[in-house]
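What follows is each chain in one-letter form.
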2 protein chains.
Amino acid sequence: MAQNGSNSTVKLLGTWSSPFALRGRVALHLKSVEYEYIEEADVLNSKSDLLLKSNPIHKKVPVLIHGDVSICESLNIVQYVDESWPSKPSILPSDPKDRAAARFWAHFVDGNCFESIDAAAGAKDEAGRMTAAGSLIECLAALEEGFQKSNKGGDFFGGQNIGYVDIACGAILGPLSVIEAFSAHEAVKPYMPTVAEFIEFAKQKFNV
Amino acid sequence: MAQNGSNSTVKLLGTWSSPFALRGRVALHLKSVEYEYIEEADVLNSKSDLLLKSNPIHKKVPVLIHGDVSICESLNIVQYVDESWPSKPSILPSDPKDRAAARFWAHFVDGNCFESIDAAAGAKDEAGRMTAAGSLIECLAALEEGFQKSNKGGDFFGGQNIGYVDIACGAILGPLSVIEAFSAHEAVKPYMPTVAEFIEFAKQKFNV
């Protein structure tokens, strides 16, 4: 695969269970960037020196290490990859209004949607789970409406091609009309963990 | 003032006490965009039909209304303004690495810093206030370090010119070495509420 944005080496520090790390991998794949993927081996119990050094503020994967610069936060990484390798296909749309809509919905996924998912997964009783599930369903309905409004004919958020919002939400959100096309995409399929793997991880994370 | 990105009318829906609305005003001023400022009169007790219609998801100011499109979320508005009126001065830096750093720190302000500020302001006792204040001081120290690393000689985050991170953090965060230059800037000064006005607003918001 060719690099056309820079000759510096590219590494992505991630962990298999992270939908945020998946975003970075998908973006790099879409841009045909040659990179080394480094698995953060035991993210629940310890953090590697490389992670602590490259993301000292948040100490979280993913981190994109490009030459001597570290880029943290998954949506930031996706935008950085889009801007650093500007050859087609573009990940964000070109029109400022469409870009603003894409950033709005991606931010909505990371804020409202993930808050509901975390609340549902971490709820200690049935009532808590039901409340969180209700919030999540509301979020998904809003996202679906946003998808219908933004869609210009195609399987993805902005139209025919996989883009920023698909990368933001496609990694985890099932009940959406974008999900089937997203999961089957050749940039996504190799990195998508199985349901069984997710369940085992969730059991460890939430001590259930 | 000239519009060079679009001939559509521009309106900004805000409220005087909102540091997020201030961001939109500063960005529009920097780009010399002619716009109508609409004050959301009583944001604590009721929301206008215009606000509910233009930001149905979050129902919060600021909203930039450009022709028939509404742009929500303050950092999204700042990026939109930067991209829609691409004439100089640019708000975000041009280099993708600098842009990623700017987005990282702006996101840090909206996440970590504002969480600490809200926790401190809403704390019900001294212990809660002290904990939140400690978190805020840690955030400001991290931001100050980021400022020192990113600064290329000048009073602002990226150097000589006011930019994205300054707009993100300059509206509210006093104990930073950028604040004096930010507050005195001709794009900021007319819109910065007084300390007395902020105190009165905080009393109402947190019932103290």
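Residues numbered from 1 in each chain as written. Chains lettered and ligands numbered in written order. Predicted model: local features only at pLDDT ≥ 70, side-chain atom pairs only at ≥ 80, totals over all residues. Heavy atoms only, no water.

## Overview of the nonpolar core
Heads up, the condition is: Only buried Ala, Val, Leu, Ile, Met, Phe, Trp, Tyr and Cys residues count toward a nonpolar core, and they belong to the same one when joined by side-chain atoms within 4.5 Å. For each residue, the accessible area found with a 1.4 Å probe, counting protein chains only, is set against the maximum for its type, and the residue is called buried under 20%, exposed over 50%, and partly exposed in between. Strands here mean DSSP runs of E at least two residues long; helices mean DSSP runs of H or I at least four residues long; both are numbered from the N terminus.
Formed by 49 residues in total, the largest nonpolar core has its most connected members in Leu 28, Leu 64, Trp 105, Leu 143 and Tyr 164 of chain A. Breaking this core down by element, the ones donating at least two residues are strand S1 (10-14), helix H1 (19-30), helix H3 (74-84), helix H4 (96-122), helix H5 (126-150) and helix H6 (164-170) of chain A together with strand S3 (63-66) of chain B. Per element, the largest residue contribution to this core is eight residues, and it comes from H4 of chain A. By size, the runner-up hydrophobic cluster in this structure holds 48 residues, among which are Trp 85, Phe 108, Phe 157 and Ala 168 of chain B.

## Describing the pattern of salt bridges
Heads up, the condition is: What makes a salt bridge here is a side-chain nitrogen of Lys or Arg within 4 Å of a carboxyl oxygen of Asp or Glu, nothing more.
All told, the structure shown has eight salt bridges over all chains when counted by the stated rule. Note that Glu 83 of chain A and Arg 99 of chain B form a salt bridge whose closest N and O atoms lie 2.9 Å from each other. Here Arg 99 of chain B lies in helix H4 (residues 96-122) and Glu 83 of chain A lies in helix H3, a pairing that spans two chains. Arg 99 of chain B carries the same exposure label as Glu 83 of chain A, and that label is buried. A salt bridge links Asp 110 of chain B to Arg 23 of chain B; the nearest nitrogen and oxygen atoms lie 2.7 Å apart. With a gap of 87 residues between them, Asp 110 of chain B in helix H4 and Arg 23 of chain B in helix H1 (residues 19-30) connect regions that are remote in the sequence. Exposure remark for Arg 23 of chain B: the relative accessible area of 1% places this residue in the buried category. A cluster of three or more residues bridged by salt bridges with shared partners is formed by Glu 83 of chain A together with Arg 99 and Arg 103 of chain B.

## So, unusual backbone geometry
For the bond from Val 61 of chain A to Pro 62 of chain A, the omega torsion is 0°, close enough to zero to count as cis. Looking at where Pro 62 of chain A falls in the secondary structure, it is placed in the loop between helix H2 (49-54) and strand S3 (63-66).

## Side note on the sheet that holds S1 of chain A
All names here are of chain A. The following threshold applies: A pair of strands is treated as paired once DSSP finds two or more bridges between them. For helices, the fitted line uses only the C-alpha atoms of the stretch in contact; every axis is such a line through C-alpha atoms, and the angle between N-to-C directions lies from 0 to 180 degrees. Contact criterion: two residues are considered in contact whenever any of their non-hydrogen atoms come within 4.5 Å of each other.
One open sheet holds the four strands; their spatial order is S2-S1-S3-S4, and the pairing between them is mixed. Looking along the sheet, the strands with just one partner apiece sit at the ends: strand S2 (36-39) and strand S4 (69-72). The sheet shows a mean angle of 20° between the axes of neighbouring strands, direction not considered. Here S1 pairs with S2 via four bridges, running parallel. Note that in S2 the partner of Leu 12 across the bridge is Tyr 37. Docked against the sheet, H3 engages S3 and S4, running at close to 125° with respect to S4.

## Observations concerning the interface of chain A and chain B
Put simply, the test is: Accessible area that two parts lose when put together, with a 1.4 Å probe and added across both, is what the buried area reports. Here a polar contact is recorded for every N or O atom pair within 3.5 Å, except that within protein the pair must consist of a potential hydrogen donor and a potential acceptor, and residues adjacent in sequence are included only if both atoms are side-chain atoms. Residue polarity is assigned by list, with Asp, Glu, Lys and Arg as charged and Ala, Val, Leu, Ile, Met, Phe, Trp, Tyr, Cys and Pro as nonpolar; anything else, Gly included, falls into the polar class.
Across the contact, 23 residues belong to chain A and 23 residues belong to chain B. Of the roughly 2100 Å² buried at the junction of chain A and chain B (both faces included), carbon and sulfur atoms supply 61%. In this structure, the connection of chain A to chain B is made through four salt bridges. Linking chain A to chain B there are ten residue pairs in polar contact (both at pLDDT 80 or more). Put simply, the parts of the chain that give the side of chain A that touches chain B at least two residues each are S4, H3 and H4 of chain A. When residues in the side of chain A that touches chain B are grouped by element, the largest group, ten residues, is from H4 of chain A. Looking at the side of chain A that touches chain B residue by residue, the classes come out as eleven nonpolar, seven polar and five charged.

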